[in-house]
Amino acid sequence: MARCDGQASYKAALVITAVVALAPLPAYAQSAGLGAAGELVDPDILRVCADPSNMPYSDQSGEGFEDKLAKLVATGTGRRSVAYTWFPSITGFVRNTLGANRCDIIMGYPQGDELVQNTNAYYRSSYVLLYKKDGDLAGVETLTDQKLADKRIGVVHGTPPSANMAAANLMRKAKIYPLMVDTRVTPSMAEVMIRDMLAGVIDAAVIWGPMAGYYARKSEADLAIVPLTKEQGGQPMTYRITMGVRPSDQQWKRTLNTFIRDNQAEINKLLIEYDVPLLDEHDQRITQ
């Protein structure tokens, strides 16, 4: 089965669609709805919808940061344990998991996507530019920097940075990586792009931040990871990530919002451990 791998995950790949879906959620998602009578949330078990092979987000091994966040949520909301509905990151993920009442939460979801009801955001990150610190791109912070004009840059097909790269005339030499891959048999495109950069196939790469931070650390190379927060015009590079729940589950959303508010420092600590480039509302890096 093909999997969305623009950021090597269904949830992060939805950042692409969020570019055109950042309007407020439909009114029904904020009304009392079915949740007024009784919500479909197990009071003792946190039922999570997740991809079984989607590092650094989720994995059946429990090593993803969303897996660890789920344990924090369970403890913080009085659940005894966490139970997973595993489903690959393909079209129909929400319909076959959250929408089918098989689980009650998607741990990471772009703010503004109308397939789910969003909680408050628990982190904010961006696409980043990666290059070797000891190379000739030192100091580059935007895709319009003239130092990039003759460079071969890796980018995943259809992701927001590709539009900005096209506007900067960088696509003529770019190496395009596929959006849809099966990561059960193929490495994440973020991992492949970093390997190619270290091998000299490409000079730089533009990758969704959480994927870039995780795989850059795994590579053990000395890489600059530059959030693309200074782009002028074009597609948004920065997105807020929430937890996704059903439109009817109003009280559950409020419970999760309270958890996020009361545990933001611990959430940040967890994400930083995975080298997620966290940004505050002023685009400044959060480092602790």
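The structure presented is a predicted model; accordingly, all values stated were derived computationally and were not measured. Residue numbers here run from 1 along each chain, matching the order of that chain's written sequence. In keeping with the model being predicted, local features are shown solely for residues with a pLDDT of at least 70 and side-chain atom pairs are shown and tallied solely at 80 or more, while totals for entire chains, interfaces and linings include all residues. In computing side-chain properties, one takes all heavy atoms of the structure into account and sets aside hydrogens as well as water.

1. Concerning the overall build of the protein chain
- Put simply, DSSP marks the helices as runs of H or I at least four residues long and the strands as runs of E at least two long, and each gets a number from the N terminus on. Each helix and strand in the protein chain was counted, giving eight helices and 14 strands.
- Throughout, a contact is declared for two residues whenever any of their heavy atoms are within 4.5 Å. In the protein chain, of all internal contacts separated by at least 6 residues, the share reaching a separation of at least 24 is 73%.
- Within the structure as shown, the protein chain displays about 12,400 Å² of accessible surface, and the carbon and sulfur contribution to it stands at 51%. Methods summary: accessible areas were calculated by the Shrake-Rupley approach with a probe of 1.4 Å, and residue burial reflects only the protein chains presented.

2. Observations concerning the pairing of strand β8 (residues 123–132)
- Three labels apply to residues, based on accessible area from a 1.4 Å probe with only protein chains included: buried if under 20% of the type maximum, exposed if over 50%, partly exposed otherwise in between. Burial within β8 is extensive, with nine of its ten residues counted as buried.
- We treat two strands as partners when DSSP finds at least two bridges between them. Alignment of β8 against strand β13 (residues 223–227), held across five bridges, turns out to be antiparallel. Bridge pairing in β13 places Leu130 opposite Ile225.

3. Some remarks on the packing of helix α2 (residues 65–76) against helix α8 (residues 264–273)
- Axis definition: a line fit to C-alpha positions, over the contact stretch in the case of helices; interaxial angles, taken between N-to-C directions, run 0 to 180 degrees. Interaxial distance between α2 and α8 falls to 10 Å at its minimum, and their mutual angle equals 160 degrees. When the interaxial angle is binned, α2 and α8 end up roughly antiparallel. With respect to the hand of their crossing, α2 and α8 are arranged in right-handed fashion. Here Phe65, Lys68, Leu69 and Leu72 of α2 lie close against α8, whose contacting residues are Glu266, Ile267, Leu270 and Leu271. By definition in this entry, angles of less than 35 degrees are roughly parallel, angles greater than 145 are roughly antiparallel, angles of 65 to 115 are roughly perpendicular, and the rest are oblique. Note on convention: the crossing is left-handed when the near helix lies turned anticlockwise from the far helix by less than a right angle, right-handed when the turn is clockwise.

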